[in-house]
Amino acid sequence: MNRNGEPGLILALSKGRIFEDTLPLLEAAGITVLENPETSRKLILPTNDPGVRVLIVRASDVPTYVQHGAADFGVAGRDVLLEHGGEGLYQPIDLRIACCRMSVAVNAGFDYETAVRQGARLRVATKFVNTAREHFASKGVHVDLIKLYGSMELAPLVGLSDAIVDVVSTGGTLRANNLVEVEKIMDISSRLVVNQAALKLKRERLQPILDAFQQASQQQG
Ligand code: ADP
Ligand code: PRP
Ligand code: MG
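The text that follows walks through the structure, step by step, so that each part is easy to find.

What counts, and at which threshold
- Residues numbered from 1 in each chain as written.
- Chains lettered and ligands numbered in written order.
- Predicted model: local features only at pLDDT ≥ 70, side-chain atom pairs only at ≥ 80, totals over all residues.
- Heavy atoms only, no water.
- Helix = DSSP H or I, 4+ residues; strand = E, 2+ residues; numbered from the N terminus.
- Buried < 20%, exposed > 50% of the residue type's maximum accessible area, 1.4 Å probe, protein only.
- Contact = heavy atoms within 4.5 Å.
- Areas by Shrake-Rupley, 256 points an atom, 1.4 Å probe, with all protein chains shown as cover.
- Lys, Arg positive; Asp, Glu negative; His and termini not counted.
- Charge placed at Lys NZ, Arg CZ, Asp CG, Glu CD.
- Near = heavy atom within 4 Å.
- Polar contact = N/O pair within 3.5 Å; in protein donor to acceptor, adjacent residues only side chain to side chain.
- Nonpolar A, V, L, I, M, F, W, Y, C, P; charged D, E, K, R; others polar.
- Disulfide = S-S within 2.5 Å.
- Pairing = 2+ DSSP bridges.
- Axes fitted to C-alpha atoms, helices over the stretch in contact; angles between N-to-C directions.

Looking now at the overall build of the protein chain. When helices and strands are tallied, the protein chain shows nine helices and 11 strands. The principal-axis extent of the C-alpha atoms belonging to the protein chain is close to 60 × 35 × 30 Å. Sorting the 221 residues of the protein chain into buried and exposed places 46% on the buried side. Restricting to contacts in the protein chain with at least 6 residues of sequence separation, those with at least 24 account for 67%. Summing over all exposed atoms, the protein chain offers an accessible surface of approximately 11200 Å²; the carbon and sulfur share of this is 49%. Charge separation in the protein chain, taken as the distance between the mean sites of 24 positive and 25 negative side-chain charges, equals 2 Å.

Structure representation (structure tokens):
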């Protein structure tokens, strides 16, 4: 039984790249999602397996649903998991999907290296305040963190911050906004996260799915 009294398995996913990239892994486990979250307004989607349903939540809310047992398992980026803290979550598999990196970026004209060397206090806008705080503390750089919820690339353009910490993939968004990547903080990919109680109580149902995900994600290379 789940917190909400559900006997079956509940998987939490976010719309967009995580949903799209998880579909082939689900297929490898014999699970087909029967509705498309881009066109359906439903937040609980059925699958071909009556014992498995999919919750559609915000990417940053996936760890919360799984931690509290409202979902048995989910898929979340390393960036999101680091901000959440990971309490109550078992993280058995790096799925190697939604790959990107977390980086520091500044306006093309801003001399980041010199500012850091001279001990300047930097204003840093980001959604990832915990990761950014830890990164700059480990370098001994003093920062004022400005919490944003999206479109970080805008902040240096309008003078809200000197730098941003955001995820970068192709670099296209930075280039389009005349920003340059000056430091990579870490590589990012998405992981399967499992509620710790569900792992014990529903192991028999979960394990074949975890095994299929593990095998399919290794094949993706
Ligand atoms: P959000 O609505 O929170 O931005 P996304 O679907 O864009 O949700 O991102 C989900 C996860 O995908 C992020 O937590 C990150 O790990 C990864 N990600 C974000 N942007 C990119 C990107 N441009 N390319 C590849 N992976 C990305
Ligand atoms: C993400 C991220 C960057 C962009 C980086 O945005 O927040 O803005 O991707 O990718 P790139 O280096 O390939 O340009 P996303 O596409 O998720 O849009 P969002 O603002 O809706 O999160
Ligand atoms: Mg995004």
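Take the site of ligand 1 next. Residues in contact with ligand 1 amount to 14 residues; listed here are only the nearest, Arg17, Asp79, Ala98, Cys99 and Ser169. A distance of 3.3 Å separates a nitrogen atom of ligand 1 from a polar backbone atom of alanine 98. Lysine 127 places a polar side-chain atom, nitrogen or oxygen, 3.4 Å from an oxygen atom of ligand 1. Protein chains bury 73% of the 560 Å² of accessible surface belonging to ligand 1 in isolation. Within the residue set of the shell around ligand 1, elements represented by two or more residues are α1 (17-28) and α3 (78-84). Considered class by class, the residues forming the shell around ligand 1 number eight nonpolar, two polar and four charged.

A separate point is the state of the cysteines. Overall, the coordinates contain zero disulfides when judged by the stated rule. Cysteine cysteine 99 is unpaired, with the sulfur of cysteine 100 as its nearest cysteine sulfur at 7.4 Å. Of the residues examined, cysteine 99 reaches a relative accessible area of 48% and is grouped as partly exposed.

By definition, the strands of a sheet pair up through backbone hydrogen bonds, in either a parallel or an antiparallel sense. Pairing in this open sheet of six strands is mixed, and the strands run β2-β3-β1-β4-β11-β5 from one edge to the other. Every other strand in the sheet has two partners, leaving β2 (44-46) and β5 (89-94) as the edge strands with one partner each. Strand after strand, the sheet turns through a mean of 30° between neighbouring axes, direction not considered. Where strand β4 (residues 73-77) meets strand β11 (residues 190-195), five bridges bridge the pair, whose relative direction is antiparallel. Bridging from a neighbouring strand, alanine 76 pairs with arginine 191 of β11. Across the sheet, α1 is in contact with β1 (9-13), β2, β3 (52-56), β4 and β11; its angle to β1 comes to roughly 140°.

Another point: the sheet that holds strand β7 (residues 122-126). In space, the five strands of this open sheet follow the order β8-β7-β9-β6-β10, with mixed pairing throughout. For this open sheet the edge positions go to β8 (143-147) and β10 (179-188), each flanked by a neighbour on one side alone. Pairwise comparison of adjacent strand axes, ignoring direction, gives a mean angle of 30° for this sheet. Across five bridges, the pairing between β7 and β8 is parallel. Bridged to threonine 126 within β8 is lysine 147. Packing of helix α5 (residues 129-139) onto the sheet brings it into contact with β6 (100-107), β7, β8, β9 (163-168) and β10, and relative to β8 it is tilted by some 170°.

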